[in-house]
Amino acid sequence: MLLHYITNTPISVPHSYSAFSSHQSPFHFPKAFPQPSHHPSPLRQLHKRLHVCSGMDNIGVSPKKEVAVAVDASIEEEYASLSKLYKEFTNMSTIDKAWNYKSPNGKGSHATFSIGQPNLFANKKKKLMLSSFISEDSNGTLNVQWSPFPIEITGASVMVPSPSGKKLLVIRNPENDSPSQFEIWGPLQLEKEIRVPQSVHGSVYVDGWFEGISWSSDESLIAYIRIVIAGKVKGDWEEDWGETYAGKKQPALFVINIDSGDVRAVDGIRRSLSVGQVVWAPTTKGSGSHQYLVFVGWPSDTRKLGMIYCFNRPCAIYTVKAPSFGTEIKENSINDVSVINLSQNTSSAFLPRFTPDGKFLVFLSAKSCVDSGAHSATNSLHKIEWNSEGEPSPAKILDVVPVVMCPEDGCFPGIYSHNAVSKPWLSDGSTMIISSIWGSKEVIISVNVLSGKVSRITPSDSNHSWSLLAVDDNKILAVCSSLIDIPQIKYGSLAKDESKDATWHWQDVSSPTSESQEKVKSLLSSLQFDILKIPVKNVQENLTKGANKPFEAIFVSSKSKHEACDPMIVILHGGPHTSLLSSFSKSSGFLASIGYSLLIVNYRGSLGFGEEALQSLPGKAGLQDVNDVLTAIDHAIDMGLADPSKITVVGGSHGGFLTSHLIGQAPDRFAAAAVRNPVCNLALMVGTTDIPEWCFVESFGSKGLSTYTEAPSPQLLKLFHDKSPISHLPKVKTPTLFLLGAKDLRVPVSNGLQFARALKEKGVEVKVIVFPEDTHAISRPQSDFESFVNIGVWFKKYCKK
């Protein structure tokens, strides 16, 4: 059967190789592969399914009439059914950000929400803004008034309200050579529009790790990061920061005066320093009229390795004088500036935030990542005193919250956060509010930066996950959800009593978005979930205490009791130093709603369990994590939760590495498997990925950093091969679905294709789908849609109830 390679340009794979499941594939045939006349167009099939799902066709075309010759009618019906169901999930809007401001009369607050909604036909994500007014009556009852409709923001790459909430910055970056537009909006109208030519300035870029837009306190200046997008003109090659940053040149720092429209580059920053996360510093006495900017810098004197999701890159917090816009300053003059490293005594410092009184600069550190090479690990929180007299200078770094090595049962496991709202402070000026991972949940914690006291302020008796949106005075906006509960906006207020331990009161904020999600809520209402503690099998004396402690798995199942267990999907996260949390997931909700129980495994090495447990995995990837997954499966079987003959497995990236290992090391355990951009051959990946050092660290542990080389020896390549899933390939017999992003720089598409070719060569059932415009995440709306519909159909084909 014909595999539909969905690429806009040919992949150098023989057409005859591509076999397997011809009827379903998204988007386009490459021109090099003629489209058989007896098959419907893949793009037309996708649009056909979406049309049937849309509810606009009142005639109701029977799927059987749409089946082409040689296509299995029952499978086509399965696609149509699952497409209709998953569209209910994908249509759901998500709350991405929020801003909260006190009303002018001090009674209640205004909240503005940035909402995202996938548009399957356009293959883009819509950006919407929705406003509300929230107040409490004398009895503490919450009153919420919403604007009648959300407003779609078209063509805007970023929206940032000013500190007072009275102005809104909207930046539009056209795809052609037209000028970038800076729009300053007031309450009723567009107040200012400033155009900056791209040919001189480059594109404003605020996604990812280099994110940075900051208003000055008087709201007259805006500091921002720009990255020049490389053109198609041939020339000297310049290395970029890898995955998701392909073709984007060095980030640089600029300031724009919104009154005059003048734009000035910030002088004194060496070209080898990539900048991001800029904030304005408090006014410094005795420094004349100069203001200072504080930013994070990543040096790139040697090779640039991939940046996204990699917190082991050394970085520091710097300060520099902001450009002067005085009339006495000539256009081409260079200010007498110097960049000062404020965090010289640590290898990692990021996310700078000033306390409201300006006395301390607080920041997070991923030093444990830099030292070990793990891409993510347990963070620490620090502060330095801000010099309010004269020029800022480096100061002693003071610990606020250290790395937690081995938490006691149920106690704070450490900080696992790489984000912070722009204003994270309560009214006392010293309590910081952040989201963090705590086991298999996300929680909101408060940190007193003077005493170092950490408190969990979201309910401790709930398995739901909570994500922080905004803080204003002693009011918090958050989102609460679970794998069986759609996201709910929560409004938190600090109790008025003067007790020693502050208590928080949380109330639901009724949202108009929930009215369109009744079908999903109905589907989820039949499900239940629990977080299982999985004892480590074969506790080892040579491991640390934290590494021998139980890990966790989230189990989602039907509330209805059946004589036989539902088929079970084992879901594995990537990283490996990330986590899959109890928060709502469209894809997991969809898979659970089609009759599967889910076992979501946070094996040792995951975030949220202390540093000792996390650091137990590097050097043992493909062994310890594989054994943990098999232990979790056995635990579920022993509890009577799973039928050993009806188990499937899915994972992406390192989760795909695990999945590929499992079907080789335990070939009789799984009825079917699905992998998304999997690591299958470390010996191939090490020479093609944007993160080659990852291969060394996860394969060799603490020796990985010293072993790292750009030219691995034959002996090293053999070790990589031996630690890879491909070394177990002769034993694999599990039908496997491959979902691959053609533009993946993290795990290049060749890794998955090589493994799929080898499986086909030995007669294993395989299906391969390549998404031509997707990177590592495979997150474009159509790609996500096609991925999980295909996973659902693939598992139903091989693992029926």
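For the structure given in this document, a descriptive report is provided here.

What counts as what
- Residues numbered from 1 in each chain as written.
- Predicted model: local features only at pLDDT ≥ 70, side-chain atom pairs only at ≥ 80, totals over all residues.
- Heavy atoms only, no water.
- Axes fitted to C-alpha atoms, helices over the stretch in contact; angles between N-to-C directions.
- Helix = DSSP H or I, 4+ residues; strand = E, 2+ residues; numbered from the N terminus.
- Parallel < 35°, antiparallel > 145°, perpendicular 65-115°, else oblique.
- Left-handed = near helix turned anticlockwise from the far one by under 90°.
- Contact = heavy atoms within 4.5 Å.
- Nonpolar A, V, L, I, M, F, W, Y, C, P; charged D, E, K, R; others polar.
- Polar contact = N/O pair within 3.5 Å; in protein donor to acceptor, adjacent residues only side chain to side chain.
- Core = buried A, V, L, I, M, F, W, Y, C linked by side-chain atoms within 4.5 Å.
- Buried < 20%, exposed > 50% of the residue type's maximum accessible area, 1.4 Å probe, protein only.
- Pairing = 2+ DSSP bridges.

**Here we look at the packing of helix α2 (residues 73-90) against helix α15 (residues 781-798)**
Piece 1. The contact between α2 and α15 brings their axes to 9 Å, and the two run at 135°. Here α2 lies oblique to α15, going by the angle between them. Two packed elements cross with a definite hand, and for α2 against α15 that hand is right-handed. Across the interface between the two elements, I75, E78, Y79, L82, S83, Y86, K87 and T90 of α2 pack against D784, F785, F788, V789, N790, G792, V793 and K796 of α15.
Piece 2. For the contact of α2 with α15, the per-class residue count stands at eight nonpolar, four polar and four charged.

**Description of the environment of D357**
Piece 1. Mapped onto the secondary structure, D357 falls in the loop between β19 (350-354) and β20 (360-365).
Piece 2. Spatially, the C-alpha atom of D357 lies 8.6 Å from that of P282, the residues being 75 residues apart in sequence.
Piece 3. A polar atom in the side chain of D357 sits 2.8 Å from the side chain of T355.
Piece 4. A polar contact of 2.9 Å, which involves the side chain of D357, links it to the backbone nitrogen of K359.

**Regarding the nonpolar core**
Piece 1. Counting residues in each nonpolar core, the largest one holds 52 residues, and the members touching the most others are V294, I317, L342, L381, I415 and I445.
Piece 2. Looking at this core, the elements with two or more residues in it are β16 (292-299), β19, β20, β21 (380-385), β22 (398-401), β23 (431-438) and β24 (441-448).
Piece 3. With five residues, β20 is the single largest residue contributor to this core.
Piece 4. Sequence-distant contacts of I415, that is, excluding residues within four places in its chain, are made with L364, T378, N379, L381, V401, I434, S436 and I445.
Piece 5. The next biggest cluster of nonpolar side chains, apart from the first, holds 45 residues, and it includes V570, V626, I633 and V770.

**Regarding the pairing of strand β31 (residues 551-558)**
Piece 1. The buried count for β31 comes to eight of eight residues, which makes it a mostly enclosed element.
Piece 2. As paired elements, strand β30 (residues 527-534) and β31 share eight bridges and run antiparallel to each other. What sits directly across from I531, in β31, is I554.
Piece 3. As paired elements, β31 and strand β33 (residues 597-602) share five bridges and run antiparallel to each other. Bridge pairing in β33 places I554 opposite I600.

By themselves, these observations are geometric and do not establish any function.
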